Amino acid sequence: MEEFFAGKKFIVTGANAGIGETITKRLVKLGAHVFAVGRDAKKLPPAGPNLTPVCADVGDWDSYDIIKKLGPVHGLVNNAGVAFIESFLDMTQEGWDKTLDINARGIVRISQAVAKNMLDAGIKGSIVNVSSTISERAIPDHTSYCASKGAVNQVTRVMSIELGKLGIRTNNVNPTVVMTKMGAKAWSDPEKSNPILSRIPLGRFAECDDVANVTLFLLSDYSSYVNGVSIPVDGGFLTS
């Protein structure tokens, strides 16, 4: 796998923390050059020989132009996302709009720019969209988030059909709760976490490296015949 990534270029959105930060570090360690995308320049990782920080809000339609100017890459990880924890009856316009703009529309716009650059350069690349198990299993207080991740699944399928014919693969990783700093804080209450944890046969929530492992597989030639699928990274949650 080291031989595949060495010298290649990748874009990772939401690269300033959590899953995105872990994937970025793993790619750099494997010898790839990473364009680390985030909307807060102060929180982005510092520039280095194999890392270029890129300030862009993926929820902004015009972020296309910023990504397009980066030039051709071999792979893209659409990881940036937000979650507004609101009950259905109390859901706000801000919560709905921001969640759908960043989690769903952002994937479309960033992927358009990356795919067009890949095609212009003749690169048969890979796009990995970070979805969630709750794209398929609803939980309370996550209406906009569930909707956005359901949209991600369908966008991935359409991309896999249209871009697959052009040599570009598109797949999902669908983790359950991930123990990022934010995830650990949000799910620290046993009353909230135990109902989900009790349905995971492996008996734990995911770590960032669990998601990164599957993402790297999908970016690499080890998955050269994998296209249009959603791979649960959930310890068996969806089986129960």
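Within each chain, residue numbers correspond to sequence positions counted from 1 in written order. Two thresholds apply to this predicted model, a pLDDT of at least 70 for residue-level local features and 80 or more for giving and counting side-chain atom pairs, whereas whole-chain, interface and lining totals are computed over all residues. Each side-chain value is derived from all of the structure's non-hydrogen atoms; neither hydrogens nor water enter the calculation.

What to know about the overall build of the chain
Operational definition: Each helix corresponds to a stretch of at least 4 residues labelled H or I by DSSP, and each strand to a stretch of at least 2 residues labelled E; elements are numbered beginning at the N terminus. Computation of the radius of gyration draws on C-alpha atoms alone. For the globule rule, the value is 2.2 Å times the number of residues to the power 0.38. For every residue, the accessible area obtained with a 1.4 Å probe (protein chains only) is divided by the maximum for its type, and the residue is called buried under 20%, exposed over 50%, and partly exposed between those limits. By definition, residues are in contact when any of their heavy atoms lie within 4.5 Å. To measure how exposed things are, a 1.4 Å probe is used in the Shrake-Rupley method; for residues, cover is taken only from the protein chains shown. When charges are counted, Lys and Arg are positive and Asp and Glu negative, with His and the chain ends excluded. Charge positions are represented by NZ for Lys, CZ for Arg, CG for Asp and CD for Glu.
For the chain, the helix and strand inventory stands at 8 helices and 7 strands. Taking 2.2 N^0.38 as the reference for a compact globule, 240 residues should give roughly 18 Å; the C-alpha atoms of the chain span a radius of gyration of 17 Å, in line with that estimate. C-alpha extents for the chain along the principal axes are approximately 50 × 35 × 35 Å. In the chain, buried positions account for 49% of the 240 residues. Sequence separation of 24 or more characterises 69% of the internal contacts of the chain that already satisfy a separation of 6 or more. Of the roughly 11,500 Å² of accessible surface on the chain, a fraction of 56% belongs to carbon and sulfur atoms. Between the averaged position of the 25 positive side-chain charges in the chain and that of its 24 negative side-chain charges there is a distance of 5 Å.

So, the side chain of R169
Let me state the cut-off plainly: When a carboxyl oxygen of Asp or Glu is within 4 Å of a side-chain nitrogen of Lys or Arg, the pair counts as a salt bridge. Whenever two N or O atoms come within 3.5 Å, that pair is a polar contact, provided that in protein one can donate a hydrogen and the other can accept it, and provided that, for residues adjacent in sequence, both atoms are side-chain atoms.
As for its placement among the helices and strands, R169 is situated in strand β6 (residues 169-175). The side chain of R169 sits in the buried core without any salt bridge; D221 is the nearest counter-charge, 5.4 Å away. A polar contact is formed between the side chain of R169 and the backbone oxygen of L218, at a distance of 3.0 Å. For R169, the residues in contact, after removing those within four places along its chain, are G125, S126, I127, L218, L219, S220, S223, S224, V226 and N227.

Examining the nonpolar core
The cut-off we apply is this: Joining through side-chain atoms within 4.5 Å is the link that ties buried Ala, Val, Leu, Ile, Met, Phe, Trp, Tyr and Cys residues into a set, and such a set is a nonpolar core.
F5, F10, V12, I23, L27, V173 and L219 are the most contacted members of the largest nonpolar core, which totals 27 residues. Sorting the residues of this core by element identifies α1 (2-5), β1 (9-13), α2 (18-29), β2 (33-38), β5 (126-130) and α8 (208-219) as the ones contributing at least two each. Counting residues per element, this core draws most heavily on α8, at 7 residues. Beyond its immediate sequence surroundings of up to four residues, L219 is in contact with F4, F5, F10, L27, G75, L76, V77, S126, V128 and R169.

Describing the sheet that holds β2
This is how the line gets drawn: Pairing between strands requires that DSSP locate at least two bridges from one strand to the other. Structural elements are reduced to axes, namely lines fitted to C-alpha atoms, with helices fitted over the stretch in contact, and the angle between N-to-C directions of any two is expressed from 0 to 180 degrees.
Across the sheet, 7 strands lie side by side as β3-β2-β1-β4-β5-β6-β7; this open sheet has parallel pairing. Of all the strands in the sheet, just β3 (51-55) and β7 (230-233) have a single pairing partner and so form its edges. If you compare each strand with its neighbour and ignore which way they point, the axes differ by 20 degrees on average. Both β1 and strand β4 (residues 75-78) contribute to a ladder of 3 bridges, which runs parallel. Note that in β4 the partner of I11 across the bridge is L76. With respect to the sheet, helix α4 (residues 93-121) is in contact with β1, β4 and β5, its orientation differing from that of β4 by roughly 180 degrees. In the packing of α8 onto the sheet, the strands contacted are β1, β4, β5, β6 and β7, and the crossing angle to β6 comes to about 170 degrees.

Re helix α5 (residues 143-164)
Basically, it comes down to this: Multiplying 1.5 Å by the residue count of a helix minus one yields the expected span of that helix.
Between the first and last C-alpha of α5 there are 31 Å, a value that for 22 residues agrees with the 32 Å anticipated at 1.5 Å per step. Regarding α5, the residues found buried are S144, Y145, C146, S148, K149, V152, N153, T156, M159, S160 and L163. Where α5 is buried, its residues contact α4, β5, β6 and β7.

Things to note about unusual backbone geometry
At D141, a residue that is not glycine, the phi angle is positive and equals roughly 70 degrees. Relative to the helices and strands, D141 resides in the loop between β5 and α5. With relative accessibility at 36%, the residue D141 sits in the partly exposed group.

Observations regarding the packing of aromatic side chains
Test applied: Any two rings among Phe, Tyr and Trp, with Trp reduced to its six-membered ring, count as a pair given centres within 6.5 Å; such a pair is stacked if its planes are under 30 degrees apart, edge-to-face if over 60, and tilted if neither.
Here the structure, examined in full by the defined rule, presents 3 aromatic pairs. With centroids separated by 5.4 Å and ring planes inclined at 50 degrees, the aromatic side chains of F5 and F10 adopt a geometry described as tilted. Residue F5 shares its accessibility class with F10, and that shared class is buried. Grouped by ring-pair contacts, the aromatic residues F4, F5 and F10 constitute a single cluster.

Some remarks on the packing of α2 against α8
The description of two helices packed together rests on the angle between their axes and the distance between the axes. Inclusion rule: The cut-offs work like this: below 35 degrees is roughly parallel, past 145 is roughly antiparallel, 65 to 115 is roughly perpendicular, and the gaps in between are oblique. For any pair of crossing helices, the crossing counts as left-handed if the nearer helix is rotated counterclockwise from the farther one by less than a right angle, and right-handed if it is rotated clockwise. Polarity classes work like this: nonpolar for Ala, Val, Leu, Ile, Met, Phe, Trp, Tyr, Cys and Pro, charged for Asp, Glu, Lys and Arg, and polar for all others, with Gly in that last group.
Remark: α2 packs on α8, axes separated minimally by 9 Å, with the N-to-C direction vectors making an angle of 55 degrees. Classified by the angle between their axes, α2 and α8 sit oblique to one another. In this structure, α2 crosses over α8, and the sense of that crossing is right-handed. Residues G18, I19, T22, I23, R26 and L27 of α2 pack against C208, D209, V211, A212, N213, T215, L216 and L219 of α8. Grouping the constituent residues of the contact of α2 with α8 by class yields 8 nonpolar, 4 polar and 2 charged.

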